[in-house]
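If you want the building blocks of each chain, they are given just below.
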Amino acid sequence: MRPNVVLFGEHLDQDNLDLYYREVNRAFDLVISIGTSSLFDYIMEPVIDATLFERASVEINPEPTQISELVTLRLPLGAEAALVAIWERYGGSLP
C-alpha cells in the first residue's frame, strides 16, 4: 500500500502546485511546515513567502532545517507529539 504523501525524491503533483500558487495570491495567515527536511524549493517556498509577506510561520521538526531561522515559531518536536499536544490544547480531546 502506498500512503497519499510525497516521498523523498518525488515531485509534487502539478495540480497541488497550481493550487498553492493560486492560494498564495489570495493571501494567508499562517504557514506550518511539519516533519520535513526542507531540502526542496517547493517545501521551502511557502515559508519564504510567509517571511516576504510578513505572515506567521511555524516549523515542527525535531532537528533544525534550512528554514528554521525564517520561521516565527519553531517547535523542536516530532510531528505526532506536537500535533497531539496542539489538538488537545486547542481542538479538543482525541478519540
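Quantities reported herein were computed from a predicted structural model and do not represent experimental measurements.

**Some remarks on the packing of aromatic side chains**
No. 1: Scanning the model with the defined rule gives two aromatic pairs in all.
No. 2: Between the aromatic rings of Tyr20 and Tyr21, the centroid separation amounts to 5.2 Å while the plane-to-plane angle is 65°, which identifies the pairing as edge-to-face.
No. 3: The partly exposed category is assigned to Tyr20, whose relative accessible area is 21%.
No. 4: According to the relative accessible area criterion, Tyr21 is partly exposed, its value standing at 37%.
No. 5: Ring geometry for Phe28 versus Phe53: centroids 6.1 Å apart, planes at 85°, classification edge-to-face. On the criterion of sequence distance, the pair formed by Phe28 in the loop between helix H1 (14-24) and strand S1 (30-34) and Phe53 in the loop between helix H2 (41-52) and strand S2 (56-60) is long-range, its members being 25 residues apart.

**Concerning the sheet that holds S2**
No. 1: Taken in spatial order, the three strands make up an open sheet running S1-S2-S3, and their pairing is parallel. The sheet is open, and its two edges are formed by S1 and strand S3 (73-75), each paired on a single side. Adjacent strand axes in the sheet meet at a mean angle of 15°, parallel and antiparallel pairs treated alike.
No. 2: One ladder, built from three bridges, connects S2 with S3; its direction is parallel. Paired with Val58 across the bridge in S3 is Leu73.
No. 3: In the packing of H2 onto the sheet, the strands contacted are S1 and S2, and the crossing angle to S1 comes to about 150°.
No. 4: In this fold helix H3 (residues 79-91) packs onto S1, S2 and S3, with an angle of close to 130° to the strand it touches most, S2.

Reading the values: the criteria
- Every chain is numbered on its own, with residues counted from 1 as its sequence reads.
- With the structure being a predicted model, the display of local features is reserved for residues of pLDDT at least 70 and the display and counting of side-chain atom pairs for 80 or more, all residues being used for whole-chain, interface and lining totals.
- Note that water and hydrogens are dropped before the side-chain values are worked out from all heavy atoms of the structure.
- Any Phe, Tyr or Trp ring, taking Trp's six-membered ring, that has another such ring centre within 6.5 Å forms a pair; planes under 30 degrees apart are called stacked, those over 60 apart edge-to-face, and the others tilted.
- Throughout, exposure labels follow a simple rule: accessible area from a 1.4 Å probe, protein chains only, divided by the maximum for the residue type, with under 20% read as buried, over 50% as exposed, and the rest as partly exposed.
- Numbering of helices and strands starts at the N terminus; helices are DSSP runs of H or I of at least 4 residues and strands are runs of E of at least 2.
- One bridge is not enough; two strands pair if DSSP finds at least two bridges between them.
- Each axis is a line fitted through C-alpha atoms, and for a helix only the stretch in contact is used; angles between axes span 0 to 180 degrees, taken between their N-to-C directions.
- Every residue pair with non-hydrogen atoms within 4.5 Å of one another is taken to be in contact.

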